[in-house]
Amino acid sequence: MTIRAVLWDIDDTIFDYTSADRVGMRQHLKAEGLPEGYESIGQALDSWREFTDVHWARFADGETDFEGQRRDRVRSFLRTELSDADADAWFDRHVAHYEAAWSLFPDTVPVLDLLADEYRHAVLSNSSIHNQDRKLRVLGVRDRFEAVVCAVELGVSKPDPGAFHAACDTIGLAPQDVAYVGDHPEIDARGAVAAGLAGIWLDRTGLGGHPELTRITGLDQLPGLLRGDTRFGAPDTFR
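The following refers to the structure shown. No experiment lies behind these values; they were computed from the predicted model shown.

Contact geometry of helix 1 (residues 17–32) with helix 2 (residues 41–60) gives a least axis separation of 10 Å together with a crossing angle of 125 degrees. Classified by the angle their axes make, helix 1 and helix 2 are oblique. Pair helix 1 / helix 2 crosses with right-handed handedness. From helix 1, Y17, T18, D21, R22, M25, R26, L29 and K30 reach across to helix 2, where they touch I41, G42, A44, L45, D46, W48, R49 and T52. Within the contact of helix 1 with helix 2, the residues separate by chemical class into seven nonpolar, three polar and six charged.

The next subject is the environment of E186. Tracing the backbone shows E186 in helix 9 (residues 185–194). Sequence spacing of E186 and E99 is 87 residues, and the spatial spacing of their C-alpha atoms is 27 Å. Setting aside its immediate chain neighbours within four residues, E186 contacts P159, G191 and H210.

Our focus in this paragraph is unusual backbone geometry. In this structure, the amide linkage connecting K158 to the following residue, P159, adopts the cis form with an omega of 15 degrees. Among the secondary structure elements, P159 is positioned in the loop between helix 7 (151–154) and helix 8 (161–171). For D12, which is not glycine, the phi torsion reads 65 degrees and is therefore positive. Counting through the fold element by element, D12 comes out in the loop between strand 1 (5–8) and helix 1. Even without glycine at this site, H210 takes up a positive phi of about 50 degrees.

Bringing the packing of aromatic side chains into the picture now. Enumeration according to the criterion identifies 13 aromatic pairs in this entry. Considering the side-chain rings of W56 and F66, the 5.9 Å spacing of their centres and the 85 degrees angle between planes classify their relative orientation as edge-to-face. Of this pair, W56 sits in helix 2 while F66 sits in helix 3 (residues 66–78), and the two are 10 residues apart along the sequence. Residue W56 is classed as partly exposed on the basis of its relative accessible area of 24%. Through a chain of ring-to-ring contacts, three or more aromatic side chains come together here, namely Y38, W48, F77, W90 and F91. The cationic tip of K135 hangs over the ring face of W102; the distance from NZ or CZ to the ring centre is 5.9 Å. The ring centre of F105 lies 3.7 Å from the NZ or CZ of R204, which sits over that ring.

The next thing to look at is the nonpolar core. Judged by nonpolar contacts, the single largest core of 32 residues is most densely connected at W8, F15, L222 and L226. Only strand 1, helix 1, helix 5 (108–115), strand 3 (148–150), strand 4 (178–182), strand 5 (198–202) and helix 10 (222–228) provide two or more residues apiece to this core. By size, the runner-up hydrophobic cluster in this structure holds 17 residues, among which are L124, A147, A163 and I171.

Attention shifts here to the packing of helix 2 against helix 3. It is at 9 Å that the axes of helix 2 and helix 3 come closest, and there the two elements cross at 150 degrees. In this structure, helix 2 crosses over helix 3, and the sense of that crossing is right-handed. Each of A44, S47, W48, F51, T52, H55, W56, R58 and F59 in helix 2 lies in contact with helix 3, whose residues at this interface are F66, Q69, D72, R73, V74, S76 and F77. Grouping the amino acids of the contact of helix 2 with helix 3 by side-chain chemistry returns eight nonpolar, five polar and three charged.

With that settled, the discussion passes to the pairing of strand 2 (residues 120–125). Strand 2 sits mainly inside the fold: five of its six residues count as buried. The sheet contact formed by strand 1 and strand 2 spans four bridges and is parallel. Directly across from L7, in strand 2, lies its bridge partner A122. Relative to strand 3, strand 2 runs parallel, the two being bridged by three bridges. Looking across to strand 3, one finds that L124 is bridged to V149. Following the chain from strand 2 across helix 6 (residues 129–138) to the adjacent parallel strand 3, one finds a crossover that is right-handed.

Cut-offs used in this document
- Residues numbered from 1 in each chain as written.
- Predicted model: local features only at pLDDT ≥ 70, side-chain atom pairs only at ≥ 80, totals over all residues.
- Heavy atoms only, no water.
- Axes fitted to C-alpha atoms, helices over the stretch in contact; angles between N-to-C directions.
- Helix = DSSP H or I, 4+ residues; strand = E, 2+ residues; numbered from the N terminus.
- Parallel < 35°, antiparallel > 145°, perpendicular 65-115°, else oblique.
- Left-handed = near helix turned anticlockwise from the far one by under 90°.
- Contact = heavy atoms within 4.5 Å.
- Nonpolar A, V, L, I, M, F, W, Y, C, P; charged D, E, K, R; others polar.
- Phe/Tyr/Trp six-rings, centres within 6.5 Å; stacked < 30°, edge-to-face > 60°.
- Buried < 20%, exposed > 50% of the residue type's maximum accessible area, 1.4 Å probe, protein only.
- Lys NZ or Arg CZ within 6 Å of the ring centre and 35° of its normal.
- Core = buried A, V, L, I, M, F, W, Y, C linked by side-chain atoms within 4.5 Å.
- Pairing = 2+ DSSP bridges.
- Right-handed = clockwise from strand over helix to strand, strands pointing away.

Pasting the structure below:
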């Protein structure tokens, strides 16, 4: 079976979310002041990431909605009760700094160029279409993808097979004809494999492990991987 399309994750796969989030929050805290209970901006940044992970997991599990996880991140981080309006306002001020720090990874556009004529391309993200479609447009790559499919609108998130299948249905291909590229070994790569796609873990940090997964450490390795074998051969090709 031949891979005919690539489904892409966005955050920390083609878009440097971690850097933008930390730089944006650092600037936000300089403007707002360090919240009570934090001894340094570094400590606050680490806590913000931890609360982001906690409340995003709650959203993925259906315990809250998209806006709710944002508000709860703010309340947890500030360690205070806030109205929805006040939490939204604080988060919106953060977003202004965060968006000012947006950037693609340097290997994103070159690899999309290399793969443009050989494969169809679409996005499957655990965020919302409002956020991700706008992000791709601001970054200048929305026209590279024929579809952007997001969990908020689907009502199901990766790694649930239903999310992957919905994205495949959107582009009219069977799962076995599609590869999925993402930065999370469990949510992205293993989830894609369980759904019948060819899952590829983009391990930009060089974390390693998970020898059963197909792993690359940069997008520059992706064209050769896709062209080399319909199921990529041994999963440890790029270990």
